[in-house]
Amino acid sequence: MNSWYIERRFKGYYVQFSHKIINENKHIFKKLMDFGQHEPLFLSSQEEQELEQIYKYMLRHHRENPQGYDIILSYALVLFNFIEKLYLSVLNKSSPKLNSLVITFQELLNNYYPSQLSTQKFIEIPTVNYFSSQMDVSANYLGDVLKKYTGQSAIDHIHQYIIKQAKVKLHKSSTPIKEIAWELGFEYPNYFARFFKNRTGLTPRQFRNQ
């Protein structure tokens, strides 16, 4: 049995769909699944009223026909489309707050390995989830903002940073390649070698010797 605990002070609307309904109507829920998890939306009074009206229609049809899902699912699609429109309109606005997220991400990224060395014994490969947690935003939201303002995804930025650090270490030191791999967070040196070659066309040894 699945359950969802809601505090008594909760005020508003929510809707739950079973796995069975979602699996049987993937054409409707695909948009929501692709959209993923994002930050809360701060709505105008008009937008609040529109969303509330959709929920009221869904609730009314559920009460009138608890086993009939066609109309409710149609309203669910309207709801998903409306939320996506609101979210994209926020991203399309030139916001100093969003620009500051990009700057903060770049600062955290550029200081990742030095900060890891000073705080923990074992280095890990940087991940989108790590930076989003440091910035107190969702990974999807961070990725969308970076894509909007830089044209590149969060993972692209991270991979470029790793390659840049690897190149510096390979060129400016005689440290064994397997140790460089560990310093960059790769548990297995052969994985580092594949990662490096996929993005540069050269193995770490070929790059060092050129």
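Rules used in this analysis
- Residues numbered from 1 in each chain as written.
- Predicted model: local features only at pLDDT ≥ 70, side-chain atom pairs only at ≥ 80, totals over all residues.
- Heavy atoms only, no water.
- Helix = DSSP H or I, 4+ residues; strand = E, 2+ residues; numbered from the N terminus.
- Contact = heavy atoms within 4.5 Å.
- Areas by Shrake-Rupley, 256 points an atom, 1.4 Å probe, with all protein chains shown as cover.
- Expected span 1.5 Å × (residues − 1).
- Buried < 20%, exposed > 50% of the residue type's maximum accessible area, 1.4 Å probe, protein only.
- Arc of directions from axis to C-beta.
- Phe/Tyr/Trp six-rings, centres within 6.5 Å; stacked < 30°, edge-to-face > 60°.
- Salt bridge = Lys/Arg side-chain N within 4 Å of Asp/Glu carboxyl O.

Engineer: Just to check I follow, could you spell out the overall build of the protein for this structure?
Structural biologist: From N to C terminus, the protein includes twelve helices and zero strands. Listing the helices and strands of the protein from first to last along the sequence gives α-α-α-α-α-α-α-α-α-α-α-α. In the protein, the proportion of contacts linking residues at least 24 apart, taken out of those at least 6 apart, comes to 65%. Of the roughly 14500 Å² of accessible surface on the protein, 51% is carried by carbon and sulfur atoms.

Engineer: What am I meant to see in helix 11 (residues 189–200) here?
Structural biologist: Owing to its 3.6 residues per turn, the α-helix aligns residues three or four sequence positions apart on the same side. Taking 1.5 Å as the rise per residue, helix 11 with twelve residues should run 16 Å; its terminal C-alpha atoms sit 16 Å apart, in good agreement. Within the sequence span of helix 11, burial applies to Phe192, Phe195 and Phe196. Seen end-on, helix 11 carries its buried residues on one side only, within an arc spanning 95°. On the buried face of helix 11, the contacting elements are helix 9 (154–172), helix 10 (177–183) and helix 12 (204–209). Gly201 lies just past helix 11 and shows a positive phi near 85°.

Engineer: Help me understand the packing of aromatic side chains, please; the structure alone is not making it clear to me.
Structural biologist: On inspection of all chains with the given rule, the structure shows twelve aromatic pairs. Centroid distance Tyr112 to Tyr113: 5.2 Å. Interplanar angle 75°. Geometry classified as edge-to-face. Classification of Tyr113 as buried rests on a relative accessible area of 6%. Taken together, a centroid distance of 6.0 Å and an interplanar angle of 55° make the contact between Phe192 and Phe196 tilted. Taken as a pair, Phe192 and Phe196 lie in helix 11 at a separation of four residues, close to a single helical turn. One aromatic cluster is present, built from ring pairs that chain together Phe105, Tyr112, Tyr113, Tyr130, Phe131 and Tyr161.

Engineer: Explanation requested: the pattern of salt bridges in the structure shown.
Structural biologist: Where charged atoms of side chains with opposite charge meet at close range, the side chains can pair. With the rule as written, the count across this model stands at four salt bridges. Lys20 is paired through a salt bridge with Glu24; the nearest N and O atoms lie 2.8 Å apart. Here Lys20 and its partner Glu24 are both found in helix 1 (residues 19–24), four residues apart, which amounts to about one turn of the helix. One salt bridge in this structure joins Glu183 and Lys169, with 3.0 Å as the shortest N-O distance.

Engineer: Would you explain the environment of Arg205 in this entry?
Structural biologist: Checked against the element boundaries, Arg205 lands in helix 12. Sequence separation between Arg205 and Ala193 is twelve residues; the distance between their C-alpha atoms is 8.7 Å.

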